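Here is what each chain is made of, one letter per residue.
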Amino acid sequence: MKNLSFSKSFLVFLTIVLILALFPAIHTEAAPTKSQLDMQAAIAEQLKMREGAPRLHPDLQKISGNKTVGVIVHFTEKPVGLERGIRSLQGKAVTAAQTDTIEAQVGKQQAAAKTAMNQQGIAFTEGQSYSTVLNGIATTVKASDLPKLLKIKGVAFVEPDRQFRTLAAPSNSNTVTPSFVKSQAFLGVEKLWQEGLQGQGVKVAVLDTGIDPNHPEFKGIYKGGKNFVPFSPHYTVKRAPDDASETRPSERPPSLPKVDAFGFPFETFHGTHVAGTLAAIGANRFGFKGVAPKVDLYAYRVFGAYSTASMSWILAGMEEAVKQDMDIINLSFGAITTSEADAAAFAVNNAMLSGTVTVSAMGNAGQFRGSIGSPATSRLGISVGNSTIPEERHTATVNLKAGNITVAKTVNMIAAVTGTSPGKQFPNALELVAVPGAGNKTDYKNLAVKGKAVLVSVGSIEIIDKIKIAKEMGAAAILVHNIRNGFNAPGPSGTYLNDGFEFIPAFDLSQTDGEALRRQLLNGKGSAKFSNIKLTLTKGDEIDATSSSGPSTPNFDLKPDLVAPGTSIMSAIPMYKADNPKADYSKAYVRFTGTSMASPHVAGVAALILQAHPDWTPFDVKVALMNTAKLLDTNKYDVFAQGAGRVQAYDAVHPPFLAYSIDKAVLNATGALVDNKKGSVTFGMQPLSQGNISVTKKVIVKDILRKGGAYKVSVETKKSFGNAKVTVDKTAFTLKGEQVLNVKLTASKNAEAAEDSEILGYIHISNGSKRATLPFAASFSPTKTVEVQNLQVTETDLSFNGDGKNDSANITYRLTGGVGKNAIELWDLMNPGGGAFGDGYIGFVHASESMKAGVHKMPLLGLYRPWSGEPAKRIPDGMYQLHFMAEPADGASTYVFSLGSIIFVKSTPPKISGSVTAGRAIGKVADPYLAYNTELLKLGEPFDINSKLHASYILNGRGKSVPVELDQNGAFAFDVPGFREGVDTLTFIVVDEAANRGKALLK
């Protein structure tokens, strides 16, 4: 089963968040405006959600018991944003008085629902409430009470309060790109600055981990912020509502680790970097500056410690941003789902309808179909993938001498120091010292390397860490040589890390040269001279390998909308001045890679567009960004990797014309169609196995500059199937205000159509000097993309110890289509680096060569097959998550995966210690559930320990047991009225959820 070709590391990662008319529309029966159609699509989808019987999200079905579940409850009254969209279609605006009325109606419905919940005996916690981007509340309830929620008047839909992660990573790969300094000119931003466009008067909210308000890059532009992360045991101090600063190291309680299981530190930094990419003012000596450095910048802290967030916090931030009339929202985060219909995607839709441009990062799950995450799945929002920009690379002539060996040649530099010319750092030769091993800290023992050049080998640790350690040890430069069986050996490794303040100059040597020098340095000294350092610039405009791809579901919508620079982006990082009043910000900059970095580039360009065109709607901004994007290599990157192409700032601000697609899309699994307009043409699902197809879409071309002129139209098909083709009824036209084009897809019935049968390409519209490109796509698959629905286990707490209690369970799920090779694996949450392959997967509880569509049920009897090839074993005590993974049937390209229930395996009874003194019982329970909860706390999903360990006591061995509430660390303390020392006995009992029973006699 290990020959499944999809990446296990990807699945680990997954565990770990309307164009309005520019001018008054020409009234024709055949061509409603593009804005109307897009808005109708989003409105219809939300109204559909409010129709019919209340329903639970599939992930909440069949969950029962006392487990506390975080949920978002949607209600039937329309929120402000949706009402604005509906009235806009009628040519009306929503007045302030009408807004107050809508909010009052929403508030009344929510208050009535809470009263009814109390009357129905539903225990719940009061969370955030929403009236603008949603009509709903965030709350926690017991799993057993979920069905009761559906009986509350006004409830429409209940979905999980999902967890989100920020979407960035340090730039430490072998191939990263260039200095941010070049990106402004590369995107055409500097030309706009020269025209006086730097974002003045545009209000931008960055919803993220917060901001460092003391960073010099935000002086004068940071206007304030808000905190939406609730106080909890995660933190040592409670924050003020307007404190949007990053999570600080000093806020970490001693009980929490400095770094979580996924490598995220407790303190945060992501929001500062994102805000800097968008709006940094250039308060540095090396030329870094944000895209729109004169916006009014606001920070909304919706992510807390370890860069995690709940959907409810994010929704609260979006709600506030819209209420505060923000012009732009940036969302550089995501959660695993391709759905266009979760709360975050709906909130983005309604923010756009309310007049706020909303830009979202696609995700960093890699270039394969369906790797997109919410909220980038929003039908109306602007989703952004990650592209590269021209890369600055240094070469140097090295003259290395050791014994009778001299190495004199030109080599590549691995890394340089930000803001420093490598050619001026070494006027004289340095002493060369060989470091034994691979450059770990312990390898420097008894070596004097201060001010010297060190020679280390690749291996053992990442090269980026070797460089940092060498700097920490005082070295002035580092030469890293390859080893046998190393990448590219016996030549140099080819690693490139760009520049950083955390680096010293690093040079890439071959295995041959490195080993020869090392042998000579065993018995003598060496020297290193560096000269003739030169700079070269690569082309750029590649799609980063980590950038996620579309489509979103269920409409086969084209995502991303476009791409922007997001690889190795230099920006600001926090220095936590509240913890360190003497913090030095001169080097508070670092490079990160991810769609998190791409999104603020587009948000910054959107600010420049709005400054130039203050009357434009969010949908005008979106279409301008897409139409004017530069199409990248279409032989390497299809429409689901790059959308309309890479953003071009100058052209987006100054388009001579815009082309609006008028489209339809599948609403949901019922197959219902709704109107949908966007900057691309989506033909959706068109199964050829059922017959011939002929589908026509419309594109409206509008003259923005009112200059008219001759235009040409062409179709570029990059992939097709059978005799399918896309044609346009006019190959040339003269533009007079507005022109309607009919785009037709035709194909003949074909029984051989498979899941990957499709047509992809681009429609080009040109006036001779400027071109607009609209990507198009259609799927001819006989079935919709296969999904795994409701992967559940009937018992989440299991013992497998043969006592007849909690020794077995059933795994159930539904496949919407057939799959090829498939497995249900156990991922070890307590040891995510364990397993035979070091990826956390200990083995599988099911595997088969194929599986048909339908509902499946299989027993979980406590045995699994290790990936090491050993015979079946009993599942060891621990905390695991079920992962379903499958290859697609018929060789299609979309892999099938789903994350299922967390199961707790525990076969030992709780251990109890304590005593009774002066009528008071004091003690502690030791149990693996406490360790499990510690790990879940790091992930932001702890349980109440009393939901797993049920404590009670009995006096003198008879009578009814008396319940006892445990502290979250397992401790207990309670009074025992009338207890007589030396006479009475107290038996303390703990029964866990896996039916293990422990007891102790307290004396």
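Residues numbered from 1 in each chain as written. Predicted model: local features only at pLDDT ≥ 70, side-chain atom pairs only at ≥ 80, totals over all residues. Heavy atoms only, no water.

1. A word on the overall build of the chain
And then number 1: A tally of helices and strands in the chain yields 17 helices and 53 strands.
And then number 2: Within the chain, buried positions represent 59% of all 1003 residues.
And then number 3: Accessible area of the chain: about 38,100 Å², with a carbon and sulfur share of 51%. (Helix = DSSP H or I, 4+ residues; strand = E, 2+ residues; numbered from the N terminus. Buried < 20%, exposed > 50% of the residue type's maximum accessible area, 1.4 Å probe, protein only. Areas by Shrake-Rupley, 256 points an atom, 1.4 Å probe, with all protein chains shown as cover.)

2. Re the pattern of salt bridges
And then number 1: Enumeration according to the criterion identifies 28 salt bridges in this entry.
And then number 2: Across the pair Lys-148 and Asp-145 runs a salt bridge, and its minimum N-O distance is 3.2 Å.
And then number 3: Lys-148 sits in the partly exposed class, given a relative accessible area of 31%.
And then number 4: Among the ionic pairs, Lys-770 bridges to Asp-651, the shortest N-O distance being 3.1 Å. Of this pair, Lys-770 sits in the loop between strand E35 (758-766) and strand E36 (771-779) while Asp-651 sits in helix H16 (residues 649-653); the two residues are 119 residues apart in sequence, bridging distant segments of the chain. (Salt bridge = Lys/Arg side-chain N within 4 Å of Asp/Glu carboxyl O.)

3. Describing the environment of Phe-507
And then number 1: Looking at where Phe-507 falls in the secondary structure, it is placed in strand E22 (residues 506-509).
And then number 2: Look at Phe-507 and you get buried, because its relative accessible area is 0%.
And then number 3: Sequence spacing of Phe-507 and Met-413 is 94 residues, and the spatial spacing of their C-alpha atoms is 4.4 Å.

4. Re the packing of aromatic side chains
And then number 1: The full count for this structure, using the stated rule, is 23 aromatic pairs.
And then number 2: Here the aromatic rings of Phe-269 and Phe-592 are separated by 5.3 Å at their centres, their planes lie at 25°, and the arrangement is stacked. A residue pair is termed long-range when its members are at least 10 positions apart, and Phe-269 in the loop between strand E9 (222-227) and helix H8 (270-279) and Phe-592 in strand E26 (residues 589-593) qualify at 323 residues.
And then number 3: Take Phe-269: its relative accessible area is 24%, and that puts it in the partly exposed class.
And then number 4: Look at Tyr-929 and Tyr-932: their rings are 5.7 Å apart centre to centre, the planes differ by 80°, and that puts the pair in the edge-to-face class. You can see Tyr-929 and its partner Tyr-932 sitting in helix H17 (residues 928-938), three residues apart, about one turn around the helix. This pair shows no difference in class: Tyr-929 is buried, exactly as Tyr-932 is. (Phe/Tyr/Trp six-rings, centres within 6.5 Å; stacked < 30°, edge-to-face > 60°.)

5. A look at helix H11 (residues 463-472)
And then number 1: Those residues of H11 that sit buried are Ile-463, Ile-464, Lys-466, Ile-467, Ile-469 and Ala-470.
And then number 2: Considering only its buried residues, H11 is in contact with strand E17 (405-416), strand E19 (453-457), strand E20 (477-481) and E22.
And then number 3: Count one or two residues on from H11 and you reach Gly-474, which has phi positive near 100°. (Contact = heavy atoms within 4.5 Å.)

6. Overview of the sheet that holds strand E38 (residues 797-798)
And then number 1: Spatially, seven strands are ordered E38-E46-E45-E40-E41-E43-E44 in an open sheet, and the strand pairing comes out mixed. The strands lining the two open edges of the sheet, one partner per strand, are E38 and strand E44 (873-874).
And then number 2: Looking at chain direction, E38 and strand E46 (residues 896-905) are connected through two bridges and run parallel. Note on E46: the bridge partner recorded for Leu-798 is Val-905.
And then number 3: The sheet strands contacting H17 are E38, strand E45 (878-888) and E46, and the helix crosses E46 at an angle near 145°. (Pairing = 2+ DSSP bridges. Axes fitted to C-alpha atoms, helices over the stretch in contact; angles between N-to-C directions.)

7. Some remarks on the packing of helix H9 (residues 311-323) against helix H10 (residues 343-353)
Think of two packed helices as two axes; the pair is described by the angle between the axes and how far apart they sit.
And then number 1: Taken N-terminus to C-terminus, the directions of H9 and H10 make an angle of 5°; their axes are 10 Å apart at the nearest point. Between H9 and H10, the interaxial angle falls into the category roughly parallel. In this structure, H9 contributes Met-311, Leu-315, Met-318 and Val-322 to the contact, and H10 contributes Ala-343, Ala-344, Ala-347, Val-348 and Ala-351.
And then number 2: Residues of the contact of H9 with H10, tallied by class, amount to nine nonpolar, no polar and no charged. (Parallel < 35°, antiparallel > 145°, perpendicular 65-115°, else oblique. Nonpolar A, V, L, I, M, F, W, Y, C, P; charged D, E, K, R; others polar.)

8. Considering the sheet that holds strand E33 (residues 732-735)
And then number 1: Taking strand neighbours across the sheet as the criterion, the five strands line up as E29-E36-E35-E31-E33 in an open arrangement whose pairing is mixed. Edge strands, defined here as strands with exactly one partner in the open sheet, are strand E29 (681-685) and E33. Ignoring strand direction, the axes of neighbouring strands in this sheet form an average angle of 20°.

9. As for the nonpolar core
And then number 1: If you look at the biggest cluster of nonpolar residues, it comprises 76 residues, and the most contacted ones within it are Leu-207, Phe-972, Phe-974, Leu-986 and Phe-988.
And then number 2: By size, the runner-up hydrophobic cluster in this structure holds 58 residues, among which are Ile-221, Val-295, Ala-299 and Ala-606. (Core = buried A, V, L, I, M, F, W, Y, C linked by side-chain atoms within 4.5 Å.)

10. Considering unusual backbone geometry
And then number 1: A cis amide bond links Ser-374 to the next residue, Pro-375, at an omega of 10°.
And then number 2: Tracing the chain through its elements places Pro-375 in the loop between strand E14 (357-361) and strand E15 (382-387).
And then number 3: Backbone geometry places Asp-325, a non-glycine residue, at a positive phi of 60°.
And then number 4: Of note, Asp-325 is situated in the loop between H9 and strand E12 (328-331).
And then number 5: Residue Asp-325 is classed as exposed on the basis of its relative accessible area, which comes to 54%.
And then number 6: The backbone of Tyr-576 sits at a positive phi, close to 55°, despite the residue not being glycine.

11. Side note on the pairing of strand E18 (residues 430-434)
And then number 1: Of all five residues that make up E18, four are buried, and the element is covered over most of its length.
And then number 2: Bridge count between E18 and strand E23 (residues 526-537): three bridges; the pairing is antiparallel. Within E23, the residue paired with Glu-431 across the bridge is Ser-527.
And then number 3: Looking at chain direction, E18 and E19 are connected through three bridges and run parallel. Bridge pairing links Val-433 to Val-454 in E19.

12. Examining the side chain of Asn-330
And then number 1: Examined against the element boundaries, Asn-330 turns out to sit in strand E12.
And then number 2: Since its relative accessible area comes to 0%, Asn-330 is described here as buried.
And then number 3: In this structure, Asn-330 is in contact with Ala-205, Val-206, Leu-207, Val-274, Leu-278, Val-359, Ser-599, Pro-600 and Ala-603, ignoring residues within four places of it in sequence.

13. A short note on the pairing of strand E32 (residues 725-728)
Strand residues, when the strand is regular, have side chains that alternate between the two faces of the sheet.
And then number 1: Where burial is concerned, the two faces of E32 differ: the one with Val-726 and Val-728 is buried and the one with Lys-725 and Thr-727 is not.
And then number 2: In terms of strand pairing, E32 meets strand E34 (residues 738-747) through four bridges, oriented antiparallel. Bridge pairing in E34 links Lys-725 to Thr-746.

14. Concerning helix H4 (residues 96-119)
Residues separated by three or four positions in an α-helix point in the same direction, a consequence of the helix having 3.6 residues per turn.
And then number 1: Between its first and last C-alpha, H4 extends 35 Å over 24 residues, near the 34 Å set by a 1.5 Å rise per residue.
And then number 2: Every buried residue of H4 is listed here: Thr-99, Ile-102, Val-106, Gln-109, Gln-110, Ala-113, Lys-114, Ala-116 and Met-117.
And then number 3: With its phi angle positive at about 75°, Gly-121 sits one or two positions after the end of H4. (Expected span 1.5 Å × (residues − 1).)

15. Details of the confidence of the model for the chain
One rule of thumb: low pLDDT means the predicted coordinates there are not for detailed reading.
And then number 1: Mean pLDDT over the chain stands at 85; residues scoring 70 or higher make up 89%.
And then number 2: Confidence drops under pLDDT 50 across residues 1-38; counting only partners more than four residues distant or on other chains, this segment forms 126 contacts.
And then number 3: Contacts of residues 171-181 to residues separated by more than four positions or lying in other chains number 52 contacts, the stretch itself having pLDDT below 50. (pLDDT = per-residue confidence, 0-100.)

16. Looking at the environment of Gly-978
And then number 1: Structurally, the position occupied by Gly-978 is in the loop between strand E51 (971-975) and strand E52 (986-992).
And then number 2: For the pair Gly-978 and Gly-919, spaced 59 residues apart in sequence, the C-alpha separation works out to 7.0 Å.

17. What to know about the environment of Ala-113
And then number 1: Locating Ala-113 in the fold gives a position in helix H4.
And then number 2: Its relative accessible area of 1% is what places Ala-113 among the buried residues.
And then number 3: Once you skip the residues sitting within four places of it in the chain, Ala-113 turns out to touch Phe-75 and Ile-152.

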